[in-house]
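The primary structure of each chain is shown beneath.
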Amino acid sequence: PGWNWGYAQGEAHDKAFELRSKLRTPEQRATWRSKLDSEGDAINVDWEDVKLALALKWQRAARERRDGGEAGWAGVLEAMRLARFEGAAGKALL
């Protein structure tokens, strides 16, 4: 309810700020990404942060019209906004 994706106020904005703070420097981003690449350390990366990072990248690409055409990532972003990938039913969609 308070997510407000795409707005400067709300939970999405706050979570994006937290993620950007964690990944402020190239070194922090490289360390975070390397944890995603290695099986043993992947558990140390919050999956919610991974989903948020992906959504932010897609959102930026869509704004810059680099998202693969007319439909682009808009459908995926909308499904994420509507929480269609959450819970058991959402995992089945993935």
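Worth saying up front: this structure is predicted, and the values here are computed from it rather than measured.

A. Looking closely at the packing of helix α1 (residues 11-22) against helix α3 (residues 47-63). Two numbers describe how α1 lies on α3: the axes approach to 10 Å, and their chain directions differ by 100 degrees. In terms of orientation, α1 and α3 fall into the roughly perpendicular class. Note on element contacts: α3 touches α1 through Asp49, Leu52, Ala53 and Leu56, opposite Lys15, Ala16, Leu19, Arg20 and Lys22. Among the residues forming the contact of α1 with α3, the class breakdown is five nonpolar, no polar and four charged.

B. Local environment of α3. Taking 1.5 Å of rise per residue, the 17 residues of α3 would be expected to cover 24 Å, and the 24 Å separating its terminal C-alpha atoms lies within 8% of that figure. Three or more residues of α3 are buried, namely Asp49, Val50, Lys51, Leu52, Ala53, Ala55, Leu56, Trp58, Gln59 and Ala61. Those residues of α3 that are buried are in contact with α1, α2 (26-37) and α4 (74-81). By the N-cap criterion, in which a side-chain oxygen at the helix start approaches the backbone nitrogen of a residue two or three places on, α3 is capped by Asp46, the distance to Glu48 being 2.9 Å. Note on α3: the residue one or two positions beyond its end, Arg65, has a positive phi of about 55 degrees.

C. Spotlight on the environment of Glu86. Within the secondary structure, Glu86 sits in the loop between α4 and α5 (87-93). Apart from residues lying up to four places away in sequence, Glu86 is in contact with Glu48 and Lys51. Polar contacts involving the side chain of Glu86 include one to the side chain of Lys51, which spans 2.8 Å.

D. Seen up close, the packing of α3 against α4. In contact at an axis separation of 10 Å, α3 and α4 are set at 140 degrees when each is read in the N-to-C sense. Between α3 and α4, the interaxial angle falls into the category oblique. The crossing of α3 and α4 is left-handed. Facing Lys51, Ala55, Trp58 and Gln59 of α3, the residues of α4 in contact are Val76, Leu77 and Met80. Here the residues of the contact of α3 with α4 sort into five nonpolar, one polar and one charged.

Cut-off values and rules
- Residues numbered from 1 in each chain as written.
- Predicted model: local features only at pLDDT ≥ 70, side-chain atom pairs only at ≥ 80, totals over all residues.
- Heavy atoms only, no water.
- Axes fitted to C-alpha atoms, helices over the stretch in contact; angles between N-to-C directions.
- Helix = DSSP H or I, 4+ residues; strand = E, 2+ residues; numbered from the N terminus.
- Parallel < 35°, antiparallel > 145°, perpendicular 65-115°, else oblique.
- Contact = heavy atoms within 4.5 Å.
- Nonpolar A, V, L, I, M, F, W, Y, C, P; charged D, E, K, R; others polar.
- Expected span 1.5 Å × (residues − 1).
- Buried < 20%, exposed > 50% of the residue type's maximum accessible area, 1.4 Å probe, protein only.
- Polar contact = N/O pair within 3.5 Å; in protein donor to acceptor, adjacent residues only side chain to side chain.
- Left-handed = near helix turned anticlockwise from the far one by under 90°.

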